[in-house]
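Structure assessment
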Amino acid sequence: MFGFSLSKLLVLAALVAAVWYGFRWVQRRQQLQQSADPDKMERSAESSQDLVACSQCGVFVPATGKRSCDRADCPG
């Protein structure tokens with residue numbers, strides 16, 4: 001019923017090895033993608049701007065420069 005033949009054990013070992021190497025390959029690939037551009041996050045943080053709410057209508061505008069949003073329907 002639960003006979004262990006050499007061919008079944010070899011197939012099981014091959015499947016376990018394939019899954020193991022598959023996980024290692026995926027992990028290595030993710031590490032390479034992350035290390036390919038390490039300052040990607042730093043560049044995106046440098047290009048971002050601080051925003052503040054418009055004093056009249058509450059729409060967010062850049063903190064540097066004007067405080068109103070320059071929209072046509074804004075009361076300010």
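**Here we look at the overall build of the chain**
Within the chain, the secondary structure is distributed over two helices and two strands. Put simply, of all contacts in the chain between residues at least 6 apart along the chain, 0% involve residues at least 24 apart.

**Considerations on a nonpolar patch on the surface**
Taken together, the side chains of Phe 4, Leu 9, Leu 12 and Val 16 make up a nonpolar region of the molecular surface, amounting to roughly 450 Å² of accessible area. Along the chain, the position of Leu 9 falls in helix H1 (residues 6–36). Among the residues examined, Leu 9 registers a relative accessible area of 42% and is labelled partly exposed.

**What about the confidence of the model for the chain?**
Mean pLDDT over the chain stands at 79; residues scoring 70 or higher make up 72%. Taken element by element, the chain is modelled with least confidence in helix H2 (residues 40–46), mean pLDDT 59, and with most confidence in H1, mean pLDDT 92.

So, how was this worked out
Residues numbered from 1 in each chain as written. Predicted model: local features only at pLDDT ≥ 70, side-chain atom pairs only at ≥ 80, totals over all residues. Heavy atoms only, no water. Helix = DSSP H or I, 4+ residues; strand = E, 2+ residues; numbered from the N terminus. Contact = heavy atoms within 4.5 Å. Patch = residues over 30% accessible without salt bridge, like charges linked within 9 Å, V, L, I, M, F, W, Y side chains within 5 Å. Areas by Shrake-Rupley, 256 points an atom, 1.4 Å probe, with all protein chains shown as cover. Salt bridge = Lys/Arg side-chain N within 4 Å of Asp/Glu carboxyl O. Buried < 20%, exposed > 50% of the residue type's maximum accessible area, 1.4 Å probe, protein only. pLDDT = per-residue confidence, 0-100.

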